Amino acid sequence: MSNEELDAVGFDHGFSEEYEEITTINLEDLLKLINVERINYLKCDIEGAEYDFLMGKSLDCIDFLSMELHYIYLGKEKVLALIAHLVRYFNFYDGSILSDFANRWPPPAIVNLINKKFITPILYINRIKKLSKSALKIVFIRILIPSKGKVVFCIKKIKNTLPEPAQLLARTVLDIARETPQGWAVQRLKKKDYSQLPLLASTEQSILRIREAAESIYGISWNFYSDALRREIVHVFETCVKRLSSSHQTINYLEIGSCQGLSMSLMAHLIGNANALGKLVSIDPYFSEGYVEQNNQVAIDKTTRENAHRLYKSLQLDVEHIEDVSSVGLRSLVCGNQRFHLIYIDGAHEGMNPLRDLGLSLELIAENGIIMLDDHRTYPDVKGLKDLCDRHFEKVAECWKIAAYDVSGTVR
Ligand SMILES: C[S@@+](CC[C@H](N)C(=O)[O-])C[C@H]1O[C@@H](n2cnc3c(N)ncnc32)[C@H](O)[C@@H]1O
């Protein structure tokens, strides 16, 4: 399939044009439904619908609010308005109360808010401890996808790890909501199904092999940071390798941010399948204090490094690892006059990091080489860079997560 064909079926958004009906609820009805005046803990992960759900509402009834702030979907104006509304009721809490939160841009993607009347978090924790488990009202609201400006959210995902009374409560809310669909049913976009996206037979085998090896090392958390084995993402990688292997006998691959080693392992296999395996170099600091991206529950640290190296070993891959931040690691490669045909920028996605990574990668790229930018949809600082690349480079492939460019016009 060409990129044009993929674009035509909505490939680069990851969603189809089809809609399906789901149940929604607003805060006022939610309180009525569960018949409480207060919610002790509200978790709200509703993909941008948090603005409509919380904005302008009286929120004094919530003790603790843990929420995702989808500032990319919502835009700066709405997010700042929402934050201004939230600070009327809450203090921002991150182990301790944060005083400067309201002035930060971009804001953190995950925020924890503690009702102002609990002057210190300890007071809140003590109160929670005093409540009997059955009295603890925990509500989880999780969204599916915002669709064409409508608020689309539903109560979902009852985490099995929750105490049983909370699970029961969440189940009850779900049941009532399901039985009362009038006025609540809205349409949401269905996720696009990529199961029919064609890949090379050798690629299919590699995916299975890497998944099996990763699962044996990481167990259920094998894919917490990557998605590299999803078909639409593999398709982008495969397109880049096909193009490079038609003009280069050897492909040197550099990856910034290798994490659990999934994308590195996959790329190594794809390049190996094309009989073009050159150098494999990874830059990742594996911070000892742990690196956590977005709402992930697993920290990337030295144990992750050990596991990534175990994964490479089990797949018989010879990966050279530079254990440093990219600003240092990339400079050392530039000073060593290294050249790479394919570079995947997937390290820190915020601030000046993506820009610095791209700038230094342009110094390292070989003739007709390809640079891939990761997570352009989720991170504004990558999105800005993608806009720049769209204007100045030839796009080789793109999906909702990764955009790949032939940057040969810039080579010295
Ligand atoms: C999303 S993970 C990469 C996922 C990986 N490419 C995959 O798909 O399998 C991001 C990685 O970037 C690393 N990282 C964070 N800050 C970095 C920096 N300044 N330079 C290089 N890597 C960094 C983190 O340690 C983490 O392993």
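The shown structure was predicted, so the numbers you read here are calculated from the model rather than taken from an experiment.

About the thresholds
- Residues numbered from 1 in each chain as written.
- Predicted model: local features only at pLDDT ≥ 70, side-chain atom pairs only at ≥ 80, totals over all residues.
- Core = buried A, V, L, I, M, F, W, Y, C linked by C-beta atoms within 7 Å.
- Buried ≥ 20, exposed ≤ 12 C-beta atoms within 10 Å, placed from the backbone.
- Contact = placed C-beta atoms within 7 Å.
- pLDDT = per-residue confidence, 0-100.
- Helix = DSSP H or I, 4+ residues; strand = E, 2+ residues; numbered from the N terminus.
- Expected span 1.5 Å × (residues − 1).
- Arc of directions from axis to C-beta.
- Axes fitted to C-alpha atoms, helices over the stretch in contact; angles between N-to-C directions.
- Parallel < 35°, antiparallel > 145°, perpendicular 65-115°, else oblique.
- Left-handed = near helix turned anticlockwise from the far one by under 90°.
- Nonpolar A, V, L, I, M, F, W, Y, C, P; charged D, E, K, R; others polar.

(A) Representation of the nonpolar core. Core analysis: the largest hydrophobic core is formed by 63 residues, its most contacted members being Cys-240, Ile-371 and Ala-404. Not counting chain neighbours up to four residues away, the residues in contact with Ala-404 comprise Val-236, Cys-240, Ile-370, Met-372, Val-396, Ala-397 and Glu-398. If you look at the next biggest cluster of nonpolar residues, it comprises 27 residues, including Phe-53, Leu-69, Phe-92 and Tyr-93.

(B) Molecular detail of the confidence of the model for the protein chain. Averaged over every residue, the pLDDT of the protein chain is 80; residues scoring 70 or more account for 73%. Note that pLDDT drops below 50 for residues 1-13; the model gives that stretch 16 contacts with residues more than four away or on any other chain. Below pLDDT 50 for its whole length, residues 132-138 participates in 18 contacts with residues either more than four positions away or in separate chains.

(C) Up close: helix 11 (residues 302-314). Under the 1.5 Å per step criterion, the end-to-end length of helix 11 is 18 Å for 13 residues, consistent within 8% with the ideal 18 Å. Residues of helix 11 that are buried: Thr-304, Arg-305, Ala-308, Leu-311 and Tyr-312. One side of helix 11 holds all its buried residues, which, seen down the axis, span an arc of 120 degrees. When the buried face of helix 11 is taken as reference, the exposed residues oriented beyond 90 degrees from it are Glu-306 and Lys-313. In this structure, the buried side of helix 11 is in contact with helix 8 (201-218) and helix 10 (262-273). Following helix 11 by one or two positions, Gln-316 has its phi on the positive side, about 55 degrees.

(D) Quick look at the environment of Glu-68. Within the fold, Glu-68 resides in strand 3 (residues 62-68). Distance from Glu-68 to Gly-48, taken between C-alpha atoms, is 8.3 Å for residues 20 residues apart in sequence.

(E) Structural view of the packing of helix 12 (residues 326-335) against helix 13 (residues 353-364). At a minimum axis distance of 9 Å, the contact between helix 12 and helix 13 shows a crossing angle of 15 degrees. By the angle between their directions, the pair helix 12 and helix 13 is classed as roughly parallel. Both helix 12 and helix 13 take part in a crossing whose hand is left-handed. Taking contact as the criterion, the partners of Ser-326, Ser-327, Leu-330, Arg-331, Leu-333 and Val-334 in helix 12 are, on helix 13, Arg-356, Asp-357, Leu-360, Ser-361, Glu-363 and Leu-364. When grouped by side-chain class, the residues that make up the contact of helix 12 with helix 13 number five nonpolar, three polar and four charged.

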